[in-house]
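Observations on the model geometry
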Amino acid sequence: MADIPLFQPTPKCSECQGKCCKTLPGSWYPQDIPGGPTVENVVAFVRSGRACFDWWEGDPRKGHDELERGLFLRPRTVGGPFVIDPSWGGTCVYLQSFGCSLQWDERPTGCRALEPIEKECVNHAGDKSSDAVAWLTLGTLLEDAIAICEEELCDAQPA
């Protein structure tokens, strides 16, 4: 995976009042998972309520059509499903009236890759297809974690 530039929040972030956070949360990348991306750690991360599974429908790689979907993790949305939420919108659970409730270094790579500019942020991590590509080599790991989470948690609420 190519290096993704990361950006600290600026006064522009306060001015927009979380416009990007109200449309779809940024995604967690494998390096964001505490303890590293293992089935156990991903299950614990989802169980904590910090993340849910999402996917890109179809093969997320340009010019490929071998996969039915590409999985990834992202923060849950307000009122959204607990385990799996393949939606295209919703407000991030971390957005508060003062901004993000997470410290900058706790935020998903997909959020830290937002470059605040004059009118709108530029997301250097890409979109949902890019998020899925970041997890491609760990697709089986995510499938296994989904199976465990669905069995254990179903409609449960965060621990």
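See the structure printed just above.
Summary of the structure given here. (Residues numbered from 1 in each chain as written. Predicted model: local features only at pLDDT ≥ 70, side-chain atom pairs only at ≥ 80, totals over all residues. Heavy atoms only, no water.)

Let us look at the nonpolar core. Formed by 30 residues in total, the largest nonpolar core has its most connected members in W28, I33, V42, F53, L73, W135 and L142. Where this core is concerned, the elements lending two or more residues are helix 2 (39–47), strand 1 (52–57), strand 2 (69–74), helix 4 (128–134) and helix 5 (139–153). With residues near it in sequence (within four places) discarded, F53 still touches V42, V46, F72, L73, V83, I84, D85, P86, L142, A145, I146 and C149. (Core = buried A, V, L, I, M, F, W, Y, C linked by side-chain atoms within 4.5 Å. Buried < 20%, exposed > 50% of the residue type's maximum accessible area, 1.4 Å probe, protein only. Helix = DSSP H or I, 4+ residues; strand = E, 2+ residues; numbered from the N terminus. Contact = heavy atoms within 4.5 Å.)

Glancing now at the pattern of salt bridges. Inspection of the entire model under this criterion finds seven salt bridges. The closest approach of N and O atoms between D32 and R112, which form a salt bridge, is 3.0 Å. With D32 in the loop between helix 1 (11–16) and helix 2 and R112 in helix 3 (residues 109–112), this residue pair connects regions lying 80 residues apart in the sequence. Residue classification places R112 among the buried residues on the basis of a relative accessible area of 11%. We note a salt bridge from D59 to R61, for which the minimum N-O separation is 2.7 Å. Classification of D59 as buried rests on a relative accessible area of 10%. What makes R61 partly exposed here is its relative accessible area of 26%. Sharing partners across several salt bridges, the network here consists of D54, R74, D85 and K128. (Salt bridge = Lys/Arg side-chain N within 4 Å of Asp/Glu carboxyl O.)

Our focus in this paragraph is the layout of surface pockets. Taken as a whole, the largest pocket spans an internal volume of roughly 1100 Å³. If one sorts the elements of the lining of the largest pocket by residue count, helix 1 sits on top with five residues. Here the lining of the largest pocket is composed, by residue class, of 26 nonpolar, 13 polar and eleven charged. (1 Å grid on protein atoms, 1.4 Å probe; cavity = no way out; pocket = protein on both sides within 12 Å on 5 of 7 lines; lining within 4 Å. Points joined across faces, edges and corners; volume = space filled by probe spheres on them. Nonpolar A, V, L, I, M, F, W, Y, C, P; charged D, E, K, R; others polar.)

Now for the packing of aromatic side chains. The full count for this structure, using the stated rule, is one aromatic pair. Taking the centre distance of 4.9 Å and the plane angle of 75° together, the rings of W28 and F45 count as edge-to-face. Of this pair, W28 sits in the loop between helix 1 and helix 2 while F45 sits in helix 2; the two residues are 17 residues apart in sequence, bridging distant segments of the chain. The burial state of W28 is the same as that of F45; both residues are buried. Above the face of the W55 ring, R69 is positioned so that its terminal group lies 4.6 Å from the ring centre. Geometry around W104 places R112 over its ring, the cationic atom sitting 5.3 Å from the centre. (Phe/Tyr/Trp six-rings, centres within 6.5 Å; stacked < 30°, edge-to-face > 60°. Lys NZ or Arg CZ within 6 Å of the ring centre and 35° of its normal.)

Note that T109 resides in helix 3. Classification of T109 by relative accessible area gives buried; the value is 3%. Among the polar contacts made by the side chain of T109, one reaches the side chain of Q31 at a distance of 3.4 Å. Ignoring anything within four residues of it in the chain, the contact list for T109 reads I4, L6, S27, Y29, Q31 and D32. (Polar contact = N/O pair within 3.5 Å; in protein donor to acceptor, adjacent residues only side chain to side chain.)

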